[in-house]
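# Observations on chain architecture
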Amino acid sequence: MTAAETFETAAPAAPGRRLEISLRPGVAFPDWPAITSEPAAGALVAILEAFGAETRWSGLGDGEDRVRRAILETYPRIGHAPSIDELALTTGFAPGQVRGLVAKLATRDMVILDRDGATITGAYPFVDRDTEHRVHLGETVLNAMCAIDALGTGAMLGIDVIVESSCRSCGTPIRVQMREKGAALGDYAPTDAVVWTGIQYANSCAADSLCTVMAFFCSDQHLVTWRDAKHPGGKGFRLSMDQGLQVGKAIFTPLLAAASANL
Ligand SMILES: [Zn+2]
C-alpha cells in the first residue's frame, strides 16, 4: 500500500455541514473562500467540530471581543502575552473588568491562563511556552501552538512571516516562507514536507490535545513512521504545505479582520 492510500483510508469522511459564524459585518468565521481543496475542507470541518467552534463563539460579547483582539494585536508588538494592566491600558477597561473578560475568554478556550488563573500565557495562535513551531515576524519570534496556527499567523497579521519548525519524526528543520502579506506560500524546505492535522480534543483545551497532533513532517514516509509508532489508527488529514496554509488562513484571517466599511 502506498502512503497516499494509507492516508485516504485513515481520513474520516468530511461531514457536509460547513459551519459559518458572523464575527462582525462582512467578516465570517471561518473564511471558507480560503479553502480551495478537498483535504483542506475535510480537515477544517473536523477541526471546527473537535474544537466545538460553534458553541465557543456563540454569544461573544463586545467587551470579550475587544479584549480578545487586543491580546492578539499586542502579542507581536511585545513578544509575549500582555498582562491584565497592559490590556486595561489598550482597551480602556478597568483592570477588574479585563480580568473578568479574560476569564470568560478562557472558558471559551480562546485564551490560555497559567495555573493560578490570573496570567495570560497564550491565545491562539500564540503561546508563551517554547513549542516546536516558531514564527519570525521581523525581529520578533513567537511560538505558535501548532503547525496550522503557525501557518495562519502571517495572514492574520497581514505580514510576511517565516515559520521554523521541525519534522515530528526525525527533527529535520522545516522552514516555510510566506509572501503576499502572509496569504501565499513562498519557498519552503524540505520540498517534500507535509502537514498532519490529527483530530482529537480533550479537557476543553485544544492546546493540550488538538494542537499536539498537528505537526510538520519532512516527508510522507516520516509521517507514516510517526503515525505507526505514536498514533496507530489515529484520525486526521494529511495536507500539503499549501493545503495547511489554506486551513490556517481560514481559521485565523477572520480573527483580526476589520468590519467591512460598506456594510
Ligand atoms: Zn523526518
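Described in the following lines is the structure provided in the data block. These figures come from a predicted structure and were not determined experimentally.

Calculation notes
Residues numbered from 1 in each chain as written. Predicted model: local features only at pLDDT ≥ 70, side-chain atom pairs only at ≥ 80, totals over all residues. Helix = DSSP H or I, 4+ residues; strand = E, 2+ residues; numbered from the N terminus. Buried ≥ 20, exposed ≤ 12 C-beta atoms within 10 Å, placed from the backbone. Contact = placed C-beta atoms within 7 Å. Axes fitted to C-alpha atoms, helices over the stretch in contact; angles between N-to-C directions. Parallel < 35°, antiparallel > 145°, perpendicular 65-115°, else oblique. Nonpolar A, V, L, I, M, F, W, Y, C, P; charged D, E, K, R; others polar. Core = buried A, V, L, I, M, F, W, Y, C linked by C-beta atoms within 7 Å. Pairing = 2+ DSSP bridges.

Tallying secondary structure elements over the protein chain gives nine helices and 13 strands in all. Taken over 263 residues, the protein chain has a buried fraction of 40%. Relative to all contacts within the protein chain whose residues are 6 or more apart in sequence, the contacts with residues 24 or more apart total 62%.

What follows deals with the packing of helix α4 (residues 62-78) against helix α5 (residues 84-91). Orientation of α4 relative to α5, taken along the N-to-C sense of each, is 110°, at an axis distance of 10 Å. Here α5 runs roughly perpendicular to α4, going by the angle between their axes. On α5, the residues touching R66, V67, A70, I71 and T74 of α4 are E86, L87, T90 and T91. Of the residues contributing to the contact of α4 with α5, the split by class is four nonpolar, three polar and two charged.

Attention now moves to the environment of C146. Mapped onto the fold, C146 is located in the loop between β7 (140-144) and α7 (147-157). For C146, a count of 28 C-beta atoms within 10 Å translates into the label buried. Between the C-alpha atoms of C146 and T212, which are 66 residues apart in sequence, the distance is 7.0 Å. Non-local contacts of C146, meaning those with residues more than four positions away in its chain, are made with H133, C211 and M214.

Here the focus is unusual backbone geometry. With an omega dihedral of -5°, the bond running from F29 to P30 counts as a cis peptide bond. Inspection of the secondary structure puts P30 in the loop between β2 (27-29) and α2 (38-51). A positive phi angle, near 50°, is found at E180, a position not held by glycine. Residue position: E180 is located in the loop between β9 (173-179) and β10 (184-189).

If you look at the biggest cluster of nonpolar residues, it comprises 68 residues, and the most contacted ones within it are L44, I71, A123, A147 and F217. Apart from residues lying up to four places away in sequence, A147 is in contact with H133, S165, V195, M214, A215, F216 and G244.

Remark: a regular strand shows side chains that alternate across the two faces of the sheet. One ladder, built from two bridges, connects strand β5 (residues 126-127) with β7; its direction is antiparallel. By the bridge assignment for β7, F126 is matched with A144. Linking strand β6 (residues 134-137) to β7, which pair antiparallel, is a turn of two residues; within it G138 sits at a positive phi near 60°.

For the rest of this paragraph, the subject is the sheet that holds strand β4 (residues 120-123). Across a sheet, paired strands are connected by hydrogen bonds in the backbone, their directions being either parallel or antiparallel. Spatially, β3-β4-β5-β7-β6-β8-β9-β10 is the arrangement adopted by the eight strands of the open sheet, whose pairing is antiparallel. The outermost strands of the open sheet, each flanked by one partner alone, are β3 (112-113) and β10. In terms of strand pairing, β6 meets β7 through four bridges, oriented antiparallel. Across the sheet, R134 pairs through a bridge with N143, a residue of β7.

The quantities given are spatial measurements derived from coordinates; they are silent on function.
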